[in-house]
Number of protein chains: 2
Amino acid sequence: MAVKLNTNYLKSFINENELSHIAPSCKAALDALHSGNGAGSDFLGWLTLPADYDKDEFKRIKAAAEKIKSQSEVVIVLGIGGSYLGARAVIEALRGSLYNSRFKPEIYFAGNSISPTYMNEVLSLVEGRDFSVIVVSKSGTTTETALAFRVFKKLIEERYGADSKNRIFAVTDKARGTLKELSDKMGYETFVIPDNVGGRYSVLTAVGLLPIAVAGCDIDALMAGAKAAMDELKDTDLNKNACCKYAALRNILARKGFSVEMLVAYENFFMMMNEWFKQLFGESDGKDGKGLFPASATFSTDLHSLGQFIQEGSNIIFETVVQFKNTDNDFFLENDADNLDGLNFLSDQNMSNVSEKAFLGTLLAHTEGGVPNIILELDKLDEFNLGYLLFFFMKACALSGYILGVNPFDQPGVEAYKKNMFALLGKPGYEADKAALEAQIQKLNS
Amino acid sequence: MAVKLNTNYLKSFINENELSHIAPSCKAALDALHSGNGAGSDFLGWLTLPADYDKDEFKRIKAAAEKIKSQSEVVIVLGIGGSYLGARAVIEALRGSLYNSRFKPEIYFAGNSISPTYMNEVLSLVEGRDFSVIVVSKSGTTTETALAFRVFKKLIEERYGADSKNRIFAVTDKARGTLKELSDKMGYETFVIPDNVGGRYSVLTAVGLLPIAVAGCDIDALMAGAKAAMDELKDTDLNKNACCKYAALRNILARKGFSVEMLVAYENFFMMMNEWFKQLFGESDGKDGKGLFPASATFSTDLHSLGQFIQEGSNIIFETVVQFKNTDNDFFLENDADNLDGLNFLSDQNMSNVSEKAFLGTLLAHTEGGVPNIILELDKLDEFNLGYLLFFFMKACALSGYILGVNPFDQPGVEAYKKNMFALLGKPGYEADKAALEAQIQKLNS
């Protein structure tokens, strides 16, 4: 298996009998997921996607990516939440956090905020440079994305006239919605967000794959990795299913009073994967007053900022560490004849070896400090392993939600702020709420 | 006052009598801080720095920044923890999160990890391009920074020969340490990390100011803002001192069982400020088994990832929202004749107005969902206001630590992992620990 679960450092935190107690819940969760009898089972498309994805569309994605690359110095990807996090996470993981300084075409994610400053910044990046737009929205009416799309659509039309339709690519509903309608009318090429795949589980649909392919990543290998995970992570015996066991462990730790799960990696390129993970688990777990708060850190960087808290602060955290055992990008540390900085004890070896010792030293220090550590081991970060890991996390998240007793596929709480915002902005249909909210604000501020 | 505290949305969470109960602790904290009688009082330099900073060095910082700008396409800043977070946070806040795509010289932060991949990435950025290095380390022996400095120093010497000394700038101890010694020997220009200013409180020393000036920010205005905060935030009456009241409120909420403080802003440019805040408060609070876990989010972006959890998940979070009332970079939303996306209810107004309604709608939704919201209001984000906010947070952090009953200026827990790491790497002097740790690892893995 491409992802191995190392529980050796959990021994002082979790007893074997705790695992046997939770095993029936895990089996029930697996059964519910595989049989499609659990909560939210209209949204299980991601579970078989690595095998039954649309092969023709997959070819179109690769062709569109080549077209976009050849015609663009800059690509703007418009989308929010699950409509951008997966793509950005995979691109940075595989091509580095400094992608835009090192590769072409530059790729910027927008349509994910209501900041005028950011809008102006992104607009300045396409001044005098050829660009294309990928817009990702199931309905076409998501406020942040649709607002930005208005702006970029107009700009493309002013710049490219009749050729505009070749520079706009839409990932949206297969048949309905304003973005699909507009795309058909204007002649944009479209790609499908399947009805049975929710936003945070959509990284292996066109939502993720199109931008990922534009960035030059091998999406065949990515899907192959996910397919391997799909095939391998089915056993109901916890000791033969790392994915299910990870779901069990995080629930056991939650029940023991740990309320924050911190995802950790020792690589800058994993930073946006952390953000993807936080949406996946936070939005799936966090309902009915339950759920582990999802946090993240990049070590050793953040050992110099959050390390003190983890080691000696409130004892509410456990860590899930993603460890890469090898790398294709190692760096040899040379000896320094002067050794003024006293660092020769680190030299004459690869940097990855120093990083591994930092990992081990931290592991021992944090567990000693009362912080449980779950370790997920991968051979290295490449398309295959990352595809495996993405599927591993999505399945673990679904199972974990079932064990927790929530629907891991809905997000009812996201509507609350939108409803208020629409009312305050005078959206048609929300008139009654507007007056009530304004009165509430006035009362609170008096 | 440049930072106003809005507590109108806390009414259902905190009673007036709770504030009067904590007031004596706040007064004691202020007295201890101002008199220098509290814990860690050897590290109070930051408290008067906006007035008594070294004016001659300040001039040298500006001159060095001009020199660096004129001779460099790329600037590499080497430092970890407090030796890079403040600089990066201020640069992104004032110049945007896309600084490197929009401005010259490009500025990259390194020496803050042990990742060989990241090292290779940063090295690729200086290939064939003129560059300078700013190295920030009090001792010169911090592993991550010193390792990277070895590499970049060698590269500069190979590339520039005798002119190397004009391309390396060191921010370090005023008299001792390997970096100071090396700098004096080689003829690098040096700047001082004062003995009485700890890393996380050092943003307004050369540590922060030199990179900030290189990025084209007005460091005079930044210091003037901090000076205003220094002068204004002294009152022992909580209702006349927003800084002290904020420290009181977060302690009250912590005692009520909220264990996570989430810093929130509605601007992408604030993302690294969040990271700076997390080190400041996490490292100051997180000891003796205490402290609020520091988290962060950027809205409305993360309302589509963390919003569900905040609204309906475990009730352990309160939010501290930094609100900018105005902006110099607004964006006018035009009407669309077709209105296919149905967004015309948002048009014919500035985007900042839509953002304000998102803020209000979220505020009402989250407080309704049981999440207390503290609001810090600023007129806008510019050098003056940011300088004020930096000082506001540092002073609030110090006061908050005293109210919590910890030393807000030390970080004893950071040594635990370093000690293990050095032993495992065979650093001279750690031989005894090495065998014990290796035996422990073997036992855990058997």
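Above this text sits the structure in question.
Bear in mind that the values here come from a model prediction, so they are computed numbers and not experimental data.

**With respect to the state of the cysteines**
Residue and element names in this part refer to chain B. Taken as a whole, this structure holds 0 disulfides over all chains when the rule is applied. Sulfur of Cys244: no disulfide; nearest cysteine sulfur belongs to Cys26 and is 4.6 Å away. The thiol of Cys397 is unpaired, and the distance to the nearest cysteine sulfur, on Cys243, comes to 9.8 Å.

**Brief notes about the side chain of Glu18 of chain B**
By secondary structure assignment, the location of Glu18 of chain B is in helix 1 (residues 16-35). Here Asn15 of chain B takes part through its backbone nitrogen, which lies 2.8 Å from a polar atom of the side chain of Glu18 of chain B.

**Some thoughts on the interface of chain B and chain A**
In this assembly, 131 residues from chain B lie in contact with 132 residues from chain A. Between the two partners, chain B and chain A, sit 4 salt bridges. Between Arg150 of chain B and Asp341 of chain A there is a salt bridge, with its nearest N and O atoms 2.8 Å apart. Run the count over chain B and chain A and you get 48 residue pairs in polar contact (both at pLDDT 80 or more). In the side of chain B that touches chain A, the residues fall into 54 nonpolar, 51 polar and 26 charged.

**Examining the sheet that holds strand 9 (residues 317-324) of chain A**
Residue and element names in this part refer to chain A. Reading across the sheet, the 5 strands line up as 1-12-9-7-8 and stay open at both edges, with mixed pairing between neighbours. Edge positions in the open sheet fall to strand 1 (3-6) and strand 8 (293-298), since each of these has one partner strand only. Going across the sheet, the axis of each strand differs from the next one's by a mean of 20°, ignoring polarity. With 6 bridges connecting them, strand 9 and strand 12 (residues 373-378) associate as parallel partners. What sits directly across from Val322, in strand 12, is Leu376. Most of the contacts of helix 12 (residues 271-285) go to strand 8, to which it runs at about 170°, and overall it touches strand 7 (260-265) and strand 8. Packed on one face of the sheet, helix 15 (residues 383-404) meets strand 1, strand 7, strand 9 and strand 12 and runs near 145° to strand 12.

Scoring rules and cut-offs
Residues numbered from 1 in each chain as written. Chains lettered and ligands numbered in written order. Predicted model: local features only at pLDDT ≥ 70, side-chain atom pairs only at ≥ 80, totals over all residues. Heavy atoms only, no water. Disulfide = S-S within 2.5 Å. Helix = DSSP H or I, 4+ residues; strand = E, 2+ residues; numbered from the N terminus. Polar contact = N/O pair within 3.5 Å; in protein donor to acceptor, adjacent residues only side chain to side chain. Contact = heavy atoms within 4.5 Å. Salt bridge = Lys/Arg side-chain N within 4 Å of Asp/Glu carboxyl O. Nonpolar A, V, L, I, M, F, W, Y, C, P; charged D, E, K, R; others polar. Pairing = 2+ DSSP bridges. Axes fitted to C-alpha atoms, helices over the stretch in contact; angles between N-to-C directions.

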